[in-house]
Amino acid sequence: MNKLGVIGGGTMGAGIAEVAARARSTVLVLERDEEAADAAVARIEKSLARAVKSGRLDKDASADAIGRITVTTTIEDFADRELVIEAAPEILELKVDFFSKLDAIVGPDTILATNTSSIPVIKLANATKNPQRVVGVHFFNPVPVLPLVEIVVSLKTDPTVVDKVTSFARDTLGKKTIQSKDQAGFIVNALLIPYLCSAIRMFESGFASAEDIDEGMVSGCAHPMGPLRLTDTVGLDVTLAVAESLYAEFREQQYAPPVLLQRMVDAGYLGRKTGRGFYTY
């Protein structure tokens, strides 16, 4: 699968495009307009520059990778793609619309995948006439650094599709893969979100400072990052969307998003990407 399509050039989409281009795939990225397209290219170039500066990538490889990426505003350009990964915001209606349109554009053998971190894959698969070719491929932020991809298998996903995307993630992109059934949150977020929400509630109650909560988990439990700083890195809006999806599916209190999380999102304090979350950046 050398011809990859990515729907959305935000943080996750740009990261997926970058790692695929570095693995010598030809990548086409869809954005909503020229301004967003320019921002996606700048995002990828900035990430590649960091890799060069840190010594993880040389300048020639960086230039080769950026040369393999094209950003378009026309979804019909995806007709020749072998694999399309949707990385749009966590809005069900938006994702359903993309899958419905892609299903009518791409060839019959094209695999349609979603990078959703919380929405059941079957809800997106049912927007197509061939739900057997739809699968979840959940990357983690930052995509060029974190090695994991969750392969999420719906009740209708063809096992051959699962094998192909697993091979692509593992053998082409060099990622580690784990496989999950199609339940909201999958493996990682089903475990992670209650932990993050618990930390937010602890901070919200005044029990401890953000710094002390994070330091406790870093120095006391050997976590590489504390839960509140991790929430800032993931994005408070993304954390809220995943928590809401988990709570809607399971109706368990541990998944219910804290009030403070909702208010911070309302205020536009989304974490690192906006310069303010539980910390100021």
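Residues numbered from 1 in each chain as written. Predicted model: local features only at pLDDT ≥ 70, side-chain atom pairs only at ≥ 80, totals over all residues. Heavy atoms only, no water.

Colleague: Can you explain the UniProt feature "site: Important for catalytic activity" (unreviewed entry) in the protein? Please cite residues and give values.
Modeller: Taken from the UniProt record, the annotation "site: Important for catalytic activity" (unreviewed entry) applies to H138. Residue placement: H138 occurs in strand β6 (residues 134-139). A relative accessible area of 4% means that H138 is categorised as buried. Those residues in contact with H138 that lie beyond four places of it in its chain are T114, N115, T116, S117, L148, V149, E150, F186 and N189. Of note is the side chain of H138, whose polar atom sits 2.8 Å from the side chain of E150. (UniProt positions renumbered as here; feature names shortened; annotations may be inferred. Helix = DSSP H or I, 4+ residues; strand = E, 2+ residues; numbered from the N terminus. Buried < 20%, exposed > 50% of the residue type's maximum accessible area, 1.4 Å probe, protein only. Contact = heavy atoms within 4.5 Å. Polar contact = N/O pair within 3.5 Å; in protein donor to acceptor, adjacent residues only side chain to side chain.)

Colleague: With reference to specific residues and values, describe the nonpolar core.
Modeller: By size, the foremost hydrophobic cluster in this structure holds 35 residues, and its most contacted members are L4, V27 and F139. Take this core: its biggest share by element is 7 residues, from helix α1 (residues 11-22). If you look at the next biggest cluster of nonpolar residues, it comprises 20 residues, including L28, L102, L124 and A125. (Core = buried A, V, L, I, M, F, W, Y, C linked by side-chain atoms within 4.5 Å.)

Colleague: So what about the sheet that holds strand β1 (residues 3-7)? Which residues, and what values?
Modeller: If you walk across this open sheet you meet the 8 strands as β3-β2-β1-β4-β5-β6-β7-β8, and the pairing is mixed. In this open sheet, the two edge strands, each paired with only one partner strand, are β3 (69-72) and β8 (176-181). Averaged over neighbouring strand pairs, the angle between their axes works out to 25° when direction is ignored. The pairing of strand β7 (residues 148-153) with β8 spans 6 bridges and is parallel. Bridge pairing in β8 places V149 opposite T177. α1 rests against β1, β2 (26-30), β3, β4 (83-86) and β6 of the sheet, and its axis sits at about 170° to β1. (Pairing = 2+ DSSP bridges. Axes fitted to C-alpha atoms, helices over the stretch in contact; angles between N-to-C directions.)

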